[in-house]
Amino acid sequence: MELIDGKKVADAIKQEIAAEVSAMTSRGEKQPHLAAILVGHDGGSETYVAHKVKACEQCGFRSTVIRYEDDVTESELLDAIARLNADPDVDGFIVQLPLPRHIDEQRIIEAIDYRKDVDGFHPVNVGRMSIGLPCFVSATPQGIVELLRRYDIDTRGAHCVVLGRSNIVGKPVAQLMMQKALPGDATVTVCHSRTKNIKDYLLSADIIIAALGSPGFVTADMVKPGAVIIDVGTTRVPSTETKSGFRLKGDVDFDAVAPLCSYITPVPGGVGPMTIVSLMKNTLLAAQHKIYD
């Protein structure tokens, strides 16, 4: 069993990006600039945005955080998006999800200029990704594929079971895994809360990508020997072992499942760092106008 070290890979990619940014600025080109809109004080969102700001520093980017309280109106948010769309100094920006219930998330996502949509959530980017055109690929699926690439995991003809059908992870990673590309060329099955006999599908899987948000769902009796496991789950569960009283738990029962696997990602330290570094890669592409002019 080999542990897939997402932190190590992410650190290497950040160094690669920083070197590229250094070359850009030495040629007199502008420093890439990522902005984030953060609504309210959700603990998870605050942490994610803080990590993104730190990653920007490590990559040599400028970063801006625009904060609003929970009672912000949808029209105020749309105005802020319009300003960022029009600002030539901002290469890419994100609106940190989830948003308060009174705001239509889909309307917010669609208001973002797809050429600055470095989260890869806009329908133009989602559509282009699904037919294999250049686009901003959403960060977590892109991070997963990059881990498979960097660990030379052969996906051709493999049976890949994706657990979860969210627009952010499940659907896009299933699309990427079936593309005519490497990593890719897999036979993909998507399972979800309504799937009958999930265990049967999992037992036939060469690669399992677990993105259900259900801690410890995948147990040892669901995994065939030699399978590759990518655990996207990050649920906060109570713990007596940490100062905070919580710890992050994945969708896979790591201790029981790991001995069976050829490769497995830990939680934390697996997919999480790759999600943030993928956002940095998209921002660099936006600054270089490599996807859209």
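Residues numbered from 1 in each chain as written. Predicted model: local features only at pLDDT ≥ 70, side-chain atom pairs only at ≥ 80, totals over all residues. Heavy atoms only, no water.

Right, let's talk about the overall build of the protein for a bit. For the protein, the helix and strand inventory stands at 10 helices and 11 strands. Relative to the compact-globule value of 19 Å for 293 residues, the protein shows a C-alpha radius of gyration of 19 Å, a close match. Counting only C-alpha atoms, the protein reaches 55 × 40 × 35 Å along its principal axes. Counting across all 293 residues of the protein, residues that qualify as buried make up 48%. Restricting to contacts in the protein with at least 6 residues of sequence separation, those with at least 24 account for 71%. Surface accessibility of the protein: about 13,900 Å² in total, with carbon and sulfur atoms responsible for 52%. (Helix = DSSP H or I, 4+ residues; strand = E, 2+ residues; numbered from the N terminus. Rg over C-alpha atoms; globule rule 2.2 N^0.38 Å. Buried < 20%, exposed > 50% of the residue type's maximum accessible area, 1.4 Å probe, protein only. Contact = heavy atoms within 4.5 Å. Areas by Shrake-Rupley, 256 points an atom, 1.4 Å probe, with all protein chains shown as cover.)

Turning our attention to the sheet that holds strand β4 (residues 92–95). Taking strand neighbours across the sheet as the criterion, the three strands line up as β3-β2-β4 in an open arrangement whose pairing is parallel. Two strands close off the open sheet at either side, each with one partner strand: β3 (62–68) and β4. Taken over all neighbouring pairs, the strand axes of this sheet differ in orientation by 15° on average, direction set aside. Two strands pair when backbone bridges link them, and strand β2 (residues 33–39) and β4 are joined in this way by four bridges, in the parallel orientation. Paired with alanine 35 across the bridge in β4 is phenylalanine 93. This element, helix α2 (residues 43–59), spans β2, β3 and β4 of the sheet and lies at about 160° to β3. (Pairing = 2+ DSSP bridges. Axes fitted to C-alpha atoms, helices over the stretch in contact; angles between N-to-C directions.)

What follows deals with the packing of helix α6 (residues 139–150) against helix α10 (residues 271–288). The interhelical angle for the contact between α6 and α10, taken along N-to-C directions, is 110°, at an axis separation of 7 Å. Classified by the interaxial angle, the pair formed by α6 and α10 is roughly perpendicular. On α10, the residues that touch Ala139, Thr140, Gln142, Gly143, Ile144, Glu146 and Leu147 of α6 are Val271, Met274, Thr275, Ser278, Leu279, Lys281 and Asn282. Here the contact of α6 with α10 is composed, by residue class, of six nonpolar, six polar and two charged. (Parallel < 35°, antiparallel > 145°, perpendicular 65-115°, else oblique. Nonpolar A, V, L, I, M, F, W, Y, C, P; charged D, E, K, R; others polar.)

In an α-helix, one turn spans 3.6 residues; hence positions three or four apart end up facing the same way. The end-to-end C-alpha separation of α6 is 16 Å, in line with the 16 Å expected for 12 residues at 1.5 Å each. The element α6 is largely enclosed, with a buried count of 10 among its 12 residues. In this fold, the buried residues of α6 make contact with α1 (6–26), α7 (170–178), β7 (207–210), β8 (228–231) and α10. In the stretch just after α6, aspartate 152 is the one whose phi turns positive, near 50°. (Expected span 1.5 Å × (residues − 1).)

Turning our attention to the pairing of strand β6 (residues 187–191). Strand direction decides the pairing type here: strand β5 (residues 159–163) and β6, joined by five bridges, are parallel. The partner of leucine 163 across the bridge, within β6, is cysteine 191. With respect to chirality, the unit in which β5 leads through α7 into the neighbouring parallel β6 is right-handed. (Right-handed = clockwise from strand over helix to strand, strands pointing away.)

Taking 1.5 Å of rise per residue, 21 residues should cover 30 Å, and α1 covers 30 Å from first to last C-alpha, within 8% of that figure. On its buried face, α1 is in contact with α2, α6 and α10. Taking the backbone nitrogen of lysine 7 as reference, a side-chain oxygen 3.2 Å away marks aspartate 5 as the first, capping residue of α1. Where α1 ends, the next residue or the one after it, glycine 28, has phi of about 85°, a positive value. (Polar contact = N/O pair within 3.5 Å; in protein donor to acceptor, adjacent residues only side chain to side chain.)

In this structure, the amide linkage connecting leucine 97 to the following residue, proline 98, adopts the cis form with an omega of 0°. In this chain, valine 267 is followed by proline 268 through a cis amide linkage whose omega measures -5°. Counting through the fold element by element, proline 268 comes out in the loop between β11 (263–264) and α10. Positive phi, close to 50°, is recorded for aspartate 152, a residue that is not glycine. Inspection of the secondary structure puts aspartate 152 in the loop between α6 and β5. A relative accessible area of 68% means that aspartate 152 is categorised as exposed.

All right, on to the nonpolar core then. Core analysis: the biggest nonpolar cluster contains 52 residues, and Ile17, Ile144, Ile209, Ile230 and Met280 have the highest contact counts within it. By residue number, the principal contributor to this core is α10, which donates nine residues. Once residues lying within four places of it in the same chain are set aside, the contact partners of isoleucine 17 are Cys59, Phe61, Val277, Met280, Lys281 and Leu284. Grouped together as the second largest cluster of nonpolar side chains are 19 residues, Ala35, Leu84, Val95 and Ile108 included. (Core = buried A, V, L, I, M, F, W, Y, C linked by side-chain atoms within 4.5 Å.)

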